[in-house]
Amino acid sequence: MLFAVLCKDKPDSLQLRMDTRPEHVAFLEDLNAKGVLTFAGPFLDDAGKPNGSLVVFKLDTIEEARATAAADPYAKAGLFAEVDIKPWNWVFNKPEA
């Protein structure tokens, strides 16, 4: 099952995001190698600066999705003001379709 993880950064946290980015990218690369990561990328503000994240995991349960999201270095660093995790159905432009 796919789970969309929608994250909103805390205000004025761009430096924390940039400082933590190498560990975050390594974390996602590991998930990608394991077949867990479907896709990921940042949301951008009006100036084009990252201010949140969208990550989609392929896992069996929402509990696994919550645990995986909590293990992200961004989450551990306290970057996010909000995190919402929802089961998601990829309908259009799905690569396997």
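Source: prediction; values computed, not measured.

Caption draft 1: Inspection of the overall build of the protein at higher detail. Scanning the protein for helices and strands turns up 3 helices and 4 strands. Taken from N to C terminus, the helices and strands of the protein fall in the order β-α-β-β-α-α-β. Whereas a compact globule of 97 residues would reach a radius of gyration of roughly 13 Å, the protein reaches 13 Å, a difference of no more than 12%. The C-alpha extent of the protein, read off along each of the three principal axes, is 40 × 25 × 20 Å. In the protein, buried positions account for 32% of the 97 residues. Contacts in the protein between residues far apart in sequence, at least 24 positions, make up 69% of those at least 6 positions apart. Surface accessibility of the protein: about 6,200 Å² in total, with carbon and sulfur atoms responsible for 54%. Each charge sign in the protein was given a centre, from 11 positive and 15 negative side chains, and these centres are 2 Å apart.

Caption draft 2: The arrangement of the pattern of salt bridges in detail. Scanning all chains against the criterion turns up 3 salt bridges. A salt bridge links arginine 17 to aspartate 9, with the shortest nitrogen-to-oxygen separation between them at 2.7 Å. No difference in accessibility class separates arginine 17 from aspartate 9, as the two residues are buried.

What counts, and where the lines are drawn
Residues numbered from 1 in each chain as written. Predicted model: local features only at pLDDT ≥ 70, side-chain atom pairs only at ≥ 80, totals over all residues. Heavy atoms only, no water. Helix = DSSP H or I, 4+ residues; strand = E, 2+ residues; numbered from the N terminus. Rg over C-alpha atoms; globule rule 2.2 N^0.38 Å. Buried < 20%, exposed > 50% of the residue type's maximum accessible area, 1.4 Å probe, protein only. Contact = heavy atoms within 4.5 Å. Areas by Shrake-Rupley, 256 points an atom, 1.4 Å probe, with all protein chains shown as cover. Lys, Arg positive; Asp, Glu negative; His and termini not counted. Charge placed at Lys NZ, Arg CZ, Asp CG, Glu CD. Salt bridge = Lys/Arg side-chain N within 4 Å of Asp/Glu carboxyl O.

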